[in-house]
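Results of the structural survey
Read off the chains here:
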Amino acid sequence: MRHQYPQLVILLGAMTVLGSCSREDRILRQPPSADETLNTIQISGLNPGANLIPTPPSSNMYQESAYAVAEGQKLFEAYNCVGCHAHGGGGIGPPLMDRNWIYGSEPGNIFATIMQGRPNGMPSFRNRIPEYQAWEIAAYVRSMAGLLPKGVSPNRTDQMSIKPAESSTPEQTPTGITGVPEQPK
Amino acid sequence: MNAALRLVPGHLLAQAMPLDPGRHHMLHAAAPQARNIEWLYWVIFWILFAVFVLMIAAFVRAGAKTHVEARHPLPVLEKDDEAERRAGWGVGAALGITVITLFVILVLSVITGKRVEGLTSKNPVTIQITGHQWWWEITYPNSQADQTVTTANEIHIPVGTPVVVLTNSKDVIHSFWAPNITGKRDLLPGYSSAFWFEIDKPGTYHGQCAEFCGLQHAHMGFSIIAESVGDFQAWQQQQLKNAAEPSTSEAIRGREVLLTHACLMCHTIRGTDAGSRVGPDLTHVASRNMIAAETLPNTAGALAGWVVDPQRIKPGTQMSPNPLAPDDLQAVVAYLQTLH
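Residues numbered from 1 in each chain as written. Chains lettered and ligands numbered in written order. Predicted model: local features only at pLDDT ≥ 70, side-chain atom pairs only at ≥ 80, totals over all residues.

Each helix and strand counted, chain B has 8 helices and 12 strands in total. By the compact-globule yardstick of 20 Å for 340 residues, chain B is too spread out, its C-alpha radius of gyration being 28 Å. Its C-alpha atoms put chain B at 100 × 45 × 35 Å along the principal axes. Among the 340 residues that make up chain B, the fraction classed as buried is 32%. Considering only intrachain contacts with a sequence separation of at least 6, the fraction spanning at least 24 residues in chain B is 65%. (Helix = DSSP H or I, 4+ residues; strand = E, 2+ residues; numbered from the N terminus. Rg over C-alpha atoms; globule rule 2.2 N^0.38 Å. Buried ≥ 20, exposed ≤ 12 C-beta atoms within 10 Å, placed from the backbone. Contact = placed C-beta atoms within 7 Å.)

Right, here's the structure in full:
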């Protein structure tokens, strides 16, 4: 059987497909910080009872918003994270370009690391960085290790680029570092 | 000279503007360069006005003639060499006049451009203007670092002294435009450029970003304050000082709150631990007339509103909300108001 109106079919098809597109919302007025979730934060993955690693206010709010990740990228520079971690390569601080980190690579771990500080130099940014910005930075840090979907990872920076954009970084696993077990092949 | 060119329509045009035209209007020149631009504007205006009148007159004449001829029986079309020749001359002459007129305008534009570019001096005031989303960083560079003045959104200059402006941008393309002073100049990220201007009429002039640069482009204003050399030097000396020590207990508390909250992640207050250069330098914030890039008056209420919820006032702005406790907020505002 042949369609009598192929144009109509194509048009209806296109409208159906276009209807599924939606513009990503930019949340400009962020919810105010919840009061200290930090005392409940754990560092070790071993714990009795429930798992208390903080979760973002809405688990997908920052990691699935390209705007939030781009804001995190800007803040990573503005708050001088690059001073120690460089653009992910590390220096004074550890590198952030693979997924196996001393204090964990889940958003909640990174948030806790930023807010609480860590031994040997990582300062605590509690009360200095608003919580929503810490979640944005956490999302961006994960994009450097290729842990975010390609669609939300930044494509470009405001600076001269010294490495490929986050959106073209594959997920990385650490190799050949002392003290880190080799990944099973 | 411009006054003579203005006549009646010019005065009407020059008033037709929502803002105070003395502060923000191309046709209220306060500087030699803007005066040249205004002169060119009026010359082209009157040339085009004459062209317009002639065209309309020609149309009316042609229409009236056709109307008279249409009453008679339609003429038999036959080749009329005389009429063809006359029409040919007519079209040729009109073409020639058009080309000459355009050429005159071109030459005048080039002359004006040369005059505007021609400003130079061996002993200028140097200003570095850096565009940010969405404010203007103003520095007066000096070979001695401690003699460098840094401020935001308000440019003080001595009247009658040539100023050389070094431009750059931190993020995207912005455009510096103070219509009473000179033409637009784009600020390009990562590309240093320079231009000159000079103001010969004391006053406060308004400027605006003229290149779409993101959400708050429309609220990215600045002002230029042209004052006597003495006033300018006094201002500069004041700006060189470190932040005033707070004297009241409320202001002392305000400084403490400011230094233990998010403020110090972005702002500098010289003489304290706040030294970040992400946002505007607040060392002498109380000496400015406006805050938030010419968006709000510099009053206690506006400061408090801006500190607590800038995203309500300028959605998308880089400043984060600061949900301070009420007495902390009062203290911070009290401290900011001591920073003259």
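There's plenty left to go through after this.
Quick look at the nonpolar core now. Counting 83 residues, the largest nonpolar core has I114, A134 and A138 of chain A together with I181 of chain B as the members making the most contacts within it. In this structure A138 of chain A touches P107, I110, F111 and I114 of chain A, once residues within four positions along its chain are discounted. (Core = buried A, V, L, I, M, F, W, Y, C linked by C-beta atoms within 7 Å.)

Before going further, it helps to examine the sheet that holds strand 2 (residues 135-140) of chain B. Residue and element names in this part refer to chain B. Taking strand neighbours across the sheet as the criterion, the 5 strands line up as 3-2-1-5-8 in an open arrangement whose pairing is mixed. Strand pairing shows two members of the sheet lacking a second neighbour, strand 3 (149-152) and strand 8 (193-197), which therefore form its edges. Averaged over all pairs of adjacent strands, the angle between their axes in this sheet comes to 25 degrees, without regard to strand direction. (Pairing = 2+ DSSP bridges. Axes fitted to C-alpha atoms, helices over the stretch in contact; angles between N-to-C directions.)

The next point concerns the domain arrangement of chain B. When the parts of a complex come together, some accessible area is lost, and that lost area is often taken as the interface size. Residue and element names in this part refer to chain B. As far as domains go, chain B holds domain 1 (2-117), domain 2 (125-227) and domain 3 (249-336). Take the side of domain 1 that touches domain 2: its biggest share by element is 4 residues, from helix 2 (residues 32-70). Of the residues in the side of domain 1 that touches domain 2, the class split is 9 nonpolar, 4 polar and 1 charged. (Domains from an automatic or database assignment. Nonpolar A, V, L, I, M, F, W, Y, C, P; charged D, E, K, R; others polar.)

Residues and elements named next belong to chain B. Considering the arrangement of structural elements, one finds N180 in the loop between strand 6 (174-177) and strand 7 (185-187). N180 sits in the buried class, given 26 other C-beta atoms within 10 Å. Sequence spacing of N180 and I199 is 19 residues, and the spatial spacing of their C-alpha atoms is 9.1 Å. For N180, the contacting residues outside a window of four places in its chain are R23, H24, H25, H28, A29, A30, A31, A34 and Y205.

So, on to helix 8 (residues 326-336) of chain B. Count 3.6 residues to each turn of an α-helix, and residues three or four apart come out pointing the same way. Considered for burial, the residues of helix 8 of chain B that qualify are A331, V332, V333, A334, Y335 and L336 of chain B. Of the surrounding secondary structure, the elements contacted by the buried residues of helix 8 of chain B are helix 5 (249-259) and helix 6 (300-308) of chain B.

The next point concerns the packing of helix 5 of chain B against helix 8 of chain B. All names here are of chain B. Axis separation between helix 5 and helix 8 bottoms out at 7 Å; the angle between their running directions is 105 degrees. Judged on the interaxial angle alone, helix 8 and helix 5 are roughly perpendicular. Between helix 5 and helix 8, the contacting residues are E250, A251, R253, G254, R255, V257 and L258 on the first element and D328, A331, V332, A334 and Y335 on the second. Considered class by class, the residues forming the contact of helix 5 with helix 8 number 7 nonpolar, 1 polar and 4 charged. (Parallel < 35°, antiparallel > 145°, perpendicular 65-115°, else oblique.)

Residue and element names in this part refer to chain B. Reading across from one edge, 4-10-9-6-7 is the order of the 5 strands in this open sheet, with mixed pairing throughout. Strands at the two margins of the open sheet, each flanked by one partner only, are strand 4 (154-158) and strand 7. Neighbouring strand axes in the sheet, compared pairwise and without regard to direction, differ in orientation by 25 degrees on average. Bridge analysis of strand 6 against strand 9 (residues 203-209) gives 2 bridges, and the strand direction is antiparallel. If you follow W177 over to strand 9, its bridge partner there is Q208. Across the sheet, helix 4 (residues 229-240) lies against strand 4 and strand 10 (221-227), angled at about 135 degrees from strand 4, the strand it touches most.

Okay, the environment of Y205 of chain B next. Residues and elements named next belong to chain B. Examined against the element boundaries, Y205 turns out to sit in strand 9. A tally of 25 C-beta atoms within 10 Å means that Y205 is categorised as buried. With 144 residues separating them in the primary sequence, Y205 and R61 have C-alpha atoms 48 Å apart. Once you skip the residues sitting within four places of it in the chain, Y205 turns out to touch R23, A30, A178, N180, I181, S223 and I224.

Within the secondary structure layout, P202 of chain B lies in the loop between strand 8 and strand 9. With residues near it in sequence (within four places) discarded, P202 of chain B still touches V159, A226, E227 and S228 of chain B.

The next thing to look at is the packing of helix 2 (residues 66-78) of chain A against helix 5 (residues 131-144) of chain A. To characterise two packed helices, one gives the angle between the axes of the helices and the distance between these axes. Residues and elements named next belong to chain A. Helix 5 packs onto helix 2 with a crossing angle of 95 degrees between their chain directions and a minimal axis gap of 7 Å. When the axis of helix 2 is compared with that of helix 5, the two are roughly perpendicular. Along the contact surface, helix 2 presents A68, V69, E71, G72, Q73, L75 and F76, while helix 5 presents Q133, E136, I137, A139, Y140 and S143.

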